[in-house]
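Chain by chain, the residues run as shown.
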Amino acid sequence: SPDMAAPCPRWCWAVAGVCTLAYQTLDNMDGKQARRTGSSSPLGLMVDHGIDALNIVLSSLNVMAMLQVGGSPHLCFVIWLTSSTPFFVATWEEFHTGCLYLGAFNGPTDG
């Protein structure tokens, strides 16, 4: 629903699932291909992080719609903040250390 206070139609969740799968697949494939061919660049890293940041916002909106919290701006802000803070901190750390450490949880294709 546009106001995130009523249930969404089932087709919305199907589209969100397909888009999330496509995003994750393409996000992992492009980085792996760039590292394999030696064609990674600072511009590619910036575009990748920019698309990741956009995905965080869209995923937060999906969670808000799923929980139907559109009537509570404070709760919407908390949902956005809890999803964007780890990304911001990891990006900040990478900027200052020159290394992105993600750990084993993120799988073998990230970081």
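To be clear, the structure that these remarks concern was listed above.
We now turn to the structure provided with this report. Position labels on residues start from 1 in each chain and follow its written sequence. For this predicted model, a pLDDT threshold of at least 70 governs which residues receive local features, and a threshold of 80 or more governs which side-chain atom pairs are given and counted, while totals over whole chains, interfaces and linings are taken from all residues. The basis for every side-chain value is the complete set of heavy atoms in the structure, and neither hydrogens nor water enter the calculation.

### Some thoughts on the overall build of the chain
Then step 1. In terms of regular secondary structure, the chain is built from three helices and zero strands.
Then step 2. To qualify as a helix, a DSSP run of H or I must reach at least 4 residues; to qualify as a strand, a run of E must reach at least 2; elements of each kind are numbered from the N terminus. Starting at the N terminus and walking to the C terminus, you meet the elements of the chain as α-α-α.
Then step 3. Taken over the C-alpha atoms alone, the chain extends approximately 50 × 30 × 25 Å along its principal axes.
Then step 4. Any pair of residues with heavy atoms lying within 4.5 Å of one another is described as a contacting pair. For the chain, contacts bridging at least 24 residues in sequence account for 59% of all contacts bridging at least 6.
Then step 5. Using a 1.4 Å probe, the Shrake-Rupley method yields the accessible areas, and only the shown protein chains count as cover for residues. Carbon and sulfur atoms make up 72% of the accessible area of the chain, which amounts to about 8,100 Å² in all.
Then step 6. When charges are counted, Lys and Arg are positive and Asp and Glu negative, with His and the chain ends excluded. The atom standing in for a charge is NZ when the residue is Lys, CZ when it is Arg, CG when it is Asp and CD when it is Glu. When the 4 positive and 8 negative side-chain charges of the chain are each reduced to one mean point, those points stand 13 Å apart.

### So, the nonpolar core
Then step 1. Of all hydrophobic cores here, the largest spans seven residues; its members are M4, C8, M64, A65, V69, C76 and I79.
Then step 2. Contributing elements (two or more residues each) for this core: α2 (42–67) and α3 (73–97).
Then step 3. With near-sequence residues (within four places) excluded, M4 lies in contact with L61, M64, A65, Q68, V69 and G70. In these notes, a set of buried Ala, Val, Leu, Ile, Met, Phe, Trp, Tyr and Cys residues joined through side-chain atoms within 4.5 Å is what counts as a nonpolar core. Burial classification: accessible surface area is computed with a 1.4 Å probe over protein chains only, and a residue below 20% of its type maximum counts as buried, one above 50% as exposed, and the rest as partly exposed.

### Quick notes on the packing of aromatic side chains
Then step 1. Pairs were defined over the aromatic rings of Phe, Tyr and Trp, the Trp ring being its six-membered one, requiring ring centres within 6.5 Å. Orientation was assigned from the angle between planes: stacked under 30 degrees, edge-to-face over 60, tilted for the rest. Applying the stated criterion across every chain yields a total of two aromatic pairs.
Then step 2. Judged by centre distance (5.7 Å) and plane angle (35°), the ring pair of F77 and W80 falls under tilted. Of this pair, F77 and W80 both sit in helix α3, three residues apart, which is roughly one turn of that helix.
Then step 3. The class for F77 is partly exposed, based on a relative accessible area of 47%.
Then step 4. Geometrically, the ring pair formed by F88 and W92 is tilted, given 5.8 Å between the ring centres and 35° between the ring planes. In this pair, F88 and W92 both sit in helix α3, four residues apart, roughly one turn of the helix.

### Quick word on unusual backbone geometry
Note: most peptide bonds trans; most residues except glycine with negative phi.
Then step 1. The phi dihedral of M4 falls on the positive side, at around 55°, and the residue is not glycine.
Then step 2. Among the secondary structure elements, M4 is positioned in the segment before α1 (10–37).
Then step 3. Positive phi, normally seen in glycine, also occurs at Q68, with a value near 55°.
Then step 4. Positionally, Q68 belongs in the loop between α2 and α3.

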